[in-house]
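Listed below, chain by chain, are the residues.
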2 protein chains.
Amino acid sequence: MKSIAEIFKGLELTDSEYQFIKERCQKLELSKGEILLEKGQPTLSQYYVLEGCLRSFFEDAQERDHTLQFAIHDWWISDYTAFFDGNPAVLTIESIQKTTVLEFTRKAQIEIFESIPKVESFFREKMEHSFGAFQKRIINDLSKTAKEKYLDFLQTHKEIETHIKNYHIASFLGITTESLSRIRRELAKH
Amino acid sequence: MKSIAEIFKGLELTDSEYQFIKERCQKLELSKGEILLEKGQPTLSQYYVLEGCLRSFFEDAQERDHTLQFAIHDWWISDYTAFFDGNPAVLTIESIQKTTVLEFTRKAQIEIFESIPKVESFFREKMEHSFGAFQKRIINDLSKTAKEKYLDFLQTHKEIETHIKNYHIASFLGITTESLSRIRRELAKH
DNA sequence: TGAAAAAATTGATCTATGGTAAGAAAAAAT
DNA sequence: ATTTTTTCTTACCATAGATCAATTTTTTCA
């Protein structure tokens, strides 16, 4: 069963601790195409994906969008600048499939940290790993060609790649859908 | 005086807490050009810059280097993937001026977290902000032209820009030094 | 199952940035 | 202060990826 138990796997929480957490989050169901967070809005929550797939993206002045992150089962997603600092969102988060998430508000998160310190450690560690992933992403963006980035994407997103439209992948890689198409043709040849 | 007191400003630590932390870090002096961390080495520490300026970079297969971060006074720096996960470093960190840092090993950090929980909260929050900064960097990389990235750099790195060589800035922006030079000429015209 | 909509591909150009090579300017060293 | 080394600039050409405009393929849904 996909539930809170699974989020904090490895933590060994007591029943009452589970209960405490459970009372402070909310399950949301999203149909395909639904917007979970809209740019400009206050970002009060962080989301844990139980099922489905979400995408966070930035819309630039020319109305082109740039995908920051895909999130499937067991991933967290939010506009982190906005969530941590209390600014309005610069990102939009949309569901690209029927998706179920657990919503944790910042307030709830802090209450949980204060009452169950090991959850704070858990989140710090999670954050550290995500931080490492972002570091890797920046290095890739700086040092790789579009083709290399695509191959890398296929590796790092093995399980989700099939659900995701190529134009979303292109937007994640920072190239146009036409360019991605040409890269795919190249790769298919050999 | 530049010291530990300043790192944890806002935390209100007792004298014995300071003492505890002080015993677990080490001051290092680096001359210009010195390497603090070399790629391939285990990354056991994170560094707090007291004075001077460091640069972390990735060297690709073609031996080109790509700057991930500059760090001056009151910034932290490390190879985070390596530091958190215990992998060998993929980044190299060099001093680009005479620099003084405080070194905190992972082991020391964890001891400090366990014995002074508010320091863990402090680090989690710091991490959250850095996470936001990385998010912003990725969005910029995806959505801006080289010229826009340069203008953005001048804004976000106001205080340090003057100490940094243009070829390091170019390497941070993901362009060649020639391209940066052309951009600068363009900007000077108007 | 067939029409409509969405997504992907292709070809023909265009453009921003890269690469190479040389020289100018600035900084460091003697 | 002069020389040497490092950094920055410029010019010319090359290229990866963008843009524009169809067209084909795939998916959706009535």
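Provided above is the structure to which this section pertains.
Conventions we followed
Numbering of residues starts from 1 in every chain and runs along the sequence as written. Chain letters and ligand numbers both follow the written order, the letters beginning at A and the numbers at 1. Totals for whole chains, interfaces and linings use all residues, but because this is a predicted model, local features are given only for residues with pLDDT of at least 70 and pairs of side-chain atoms are given and counted only at 80 or more. Heavy atoms throughout the structure, all of them, feed into the side-chain values; hydrogens and water do not. Strands are runs of DSSP state E lasting at least two residues, helices are runs of H or I lasting at least four, and both sets are numbered from the N terminus onward. Atoms considered for the radius of gyration are the C-alpha atoms alone. The globule rule reads 2.2 Å times the number of residues to the power 0.38. Relative accessibility under 20% of the residue-type maximum defines a buried residue, over 50% an exposed one, and the middle range a partly exposed one, all with a 1.4 Å probe and only protein chains included. Here the accessible surface of atoms and residues is derived via Shrake-Rupley with a 1.4 Å probe, and residues count as covered only by protein chains that are part of the display. For this count, His and the chain ends are skipped, Lys and Arg are scored as positive, and Asp and Glu as negative. A charge is said to be at NZ when it belongs to Lys, at CZ for Arg, at CG for Asp and at CD for Glu. Residues are labelled near a given molecule or strand when at least one of their non-hydrogen atoms is within 4 Å of it. Any N or O atom pair separated by 3.5 Å or less is treated as a polar contact, with the protein-specific requirement of one donor-capable and one acceptor-capable atom, and with residues adjacent in sequence counted only for side-chain atom pairs. Just so you know the grouping, Ala, Val, Leu, Ile, Met, Phe, Trp, Tyr, Cys and Pro go in nonpolar, Asp, Glu, Lys and Arg go in charged, and all remaining residues, Gly too, go in polar. Two residues qualify as a contact provided that any one of their heavy atoms is within 4.5 Å of a heavy atom in the partner residue. Accessible area, probed at 1.4 Å, shrinks when two parts are joined; the buried area is that loss added up over both. Criterion for a salt bridge: a side-chain nitrogen of Lys or Arg within 4 Å of a carboxyl oxygen of Asp or Glu. A cavity here means a set of points on a 1 Å grid, drawn over the protein atoms and nothing else, where a 1.4 Å probe fits but cannot get out; a pocket is an open set with protein on both sides within 12 Å along at least five of seven lines, and a residue lines either one if it has an atom within 4 Å of a point. Grid points are joined across faces, edges and corners, and a volume is the space filled by probe spheres set on the points. Whether two strands pair depends on DSSP finding at least two bridges between them. Only C-alpha atoms enter the line fits that serve as axes; for helices the fit covers just the stretch in contact. Angles between N-to-C directions range over 0 to 180 degrees.

> Sorry, what's going on with the overall build of chain A here?
Counting its regular elements, chain A contains eight helices and eight strands. At 18 Å, chain A has a C-alpha radius of gyration in line with the 16 Å of a compact globule built from 190 residues. C-alpha extents for chain A along the principal axes are approximately 60 × 35 × 30 Å. Sorting the 190 residues of chain A into buried and exposed places 50% on the buried side. Carbon and sulfur atoms provide 51% of the accessible area of chain A, an area that totals close to 9,500 Å². Each charge sign in chain A was given a centre, from 26 positive and 30 negative side chains, and these centres are 7 Å apart.

> Looking at this structure, how should I read the protein's contact with DNA strand D?
Neighbouring residues of DNA strand D: 19 residues in total, closest A:R64, A:A146, A:S179, B:N166 and B:Y167. The share of sugar and phosphate among atoms of DNA strand D within 4 Å of the protein is 76%. In this structure, A:T176 approaches DNA strand D through a side-chain N or O atom, which is 3.0 Å from a phosphate oxygen. For the surface near DNA strand D, the elements supplying multiple residues, two or more each, are α8 (177-189) of chain A together with α7 (166-173) and α8 (177-189) of chain B. Top element by residues in the surface near DNA strand D is α8(B). It accounts for six residues. A breakdown of the residues in the surface near DNA strand D according to their chemical character gives three nonpolar, seven polar and nine charged.

> Sorry if this is basic, but what is going on with the interface of chain B and chain A here?
Note on interface size: it is often stated as the accessible area lost on association of the parts. At the junction of the two partners, chain B supplies 36 residues and chain A supplies 36 residues. It is B:F131, B:Q135 and B:L142 that lose the most area in chain B upon contact with chain A, and together they represent 22% of the buried surface on that side. B:E120 is the partner of A:R124 in a salt bridge, and the nearest nitrogen-oxygen pair spans 2.7 Å. For the pair chain B and chain A, the number of links is 16 residue pairs in polar contact (both at pLDDT 80 or more). Among the secondary structure elements, those contributing two or more residues to the side of chain B that touches chain A are β5 (65-71), α3 (80-85), α4 (106-115), α5 (117-143) and α7 of chain B. Ranked by the residues each element gives to the side of chain B that touches chain A, the list is headed by α5(B), at 17 residues. Residue classes in the side of chain B that touches chain A are distributed as 15 nonpolar, twelve polar and nine charged.

> Would you take a moment to explain the protein's contact with DNA strand C for this structure?
Residues in contact with DNA strand C amount to 19 residues; listed here are only the nearest, A:Y167, A:R182, B:E178, B:S179 and B:R182. Near the protein, within 4 Å, the atoms of DNA strand C are sugar or phosphate in 68% of cases. Residue A:Y167 places a side-chain N or O atom 2.5 Å away from a phosphate oxygen belonging to DNA strand C. Put simply, the parts of the chain that give the surface near DNA strand C at least two residues each are α7 (166-173) and α8 of chain A together with α8 of chain B. Counting residues per element, the surface near DNA strand C draws most heavily on α8(A), which supplies six residues. Broken down by class, the residue content of the surface near DNA strand C amounts to three nonpolar, seven polar and nine charged.

> Any chance you could explain empty space enclosed by the protein here in plain terms?
If a probe the size of a water molecule is rolled over the atoms, the empty space left behind becomes visible. All names here are of chain A. The final tally for this structure, using the stated rule, is one cavity of 30 Å³ or more. Of the voids in this model, the largest cavity is the one considered here, and its volume is about 40 Å³. Considering the residues around the largest cavity, the lining is formed by F8, F104, Q109, I112, F113, V119 and F123. Only α4 (106-115) and α5 (117-143) provide two or more residues apiece to the lining of the largest cavity. At three residues, the largest contribution of residues to the lining of the largest cavity is made by α4. Within the lining of the largest cavity, the residues separate by chemical class into six nonpolar, one polar and no charged.

> Would you explain the sheet that holds strand β3 (residues 45-51) of chain B in this entry?
Backbone hydrogen bonds are what pair the strands of a sheet, in a parallel or an antiparallel way. Residues and elements named next belong to chain B. Read from one edge of the open sheet, four strands run β1-β8-β3-β6, paired in antiparallel fashion. Pairing within the sheet leaves two strands with one partner each, and these edge strands are β1 (25-30) and β6 (76-77). Relative to strand β8 (residues 99-105), β3 runs antiparallel, the two being bridged by six bridges. When the sheet's bridge partners are listed, Q46 is paired in β8 with F104. Along the sheet, α4 contacts β3 and β8; its crossing angle with β8, the most-contacted strand, is approximately 65°.

> What is the right way to read the pattern of salt bridges from this model?
A side chain with one charge may pair with a side chain of the opposite charge, provided their charged atoms come close. Inspection of every chain in the model, using the stated rule, returns 28 salt bridges over all chains. B:R106 serves as the salt-bridge partner of A:E128, at 2.8 Å between the closest nitrogen and oxygen. Of this pair, A:E128 sits in helix α5 while B:R106 sits in helix α4, which puts the two residues in different chains. Exposure remark for B:R106: the relative accessible area of 16% places this residue in the buried category. Across the pair B:E111 and B:R24 runs a salt bridge, and its minimum N-O distance is 2.6 Å. Here B:E111 is found in helix α4, whereas its partner B:R24 is found in the loop between α2 (15-22) and β1, with 87 residues between them in sequence.

> Help me out: how do you make sense of the sheet that holds β5(B) in this one?
All names here are of chain B. An order of β2-β7-β4-β5 is seen for the four strands of this open sheet, with the pairing classed as antiparallel. The outermost strands of the open sheet, each flanked by one partner alone, are β2 (35-37) and β5. Taking the axes of each pair of neighbouring strands and ignoring which way they run, one obtains an average angle of 30° across the sheet. As judged from the two bridges shared by β2 and strand β7 (residues 91-95), these two strands associate in the antiparallel manner.

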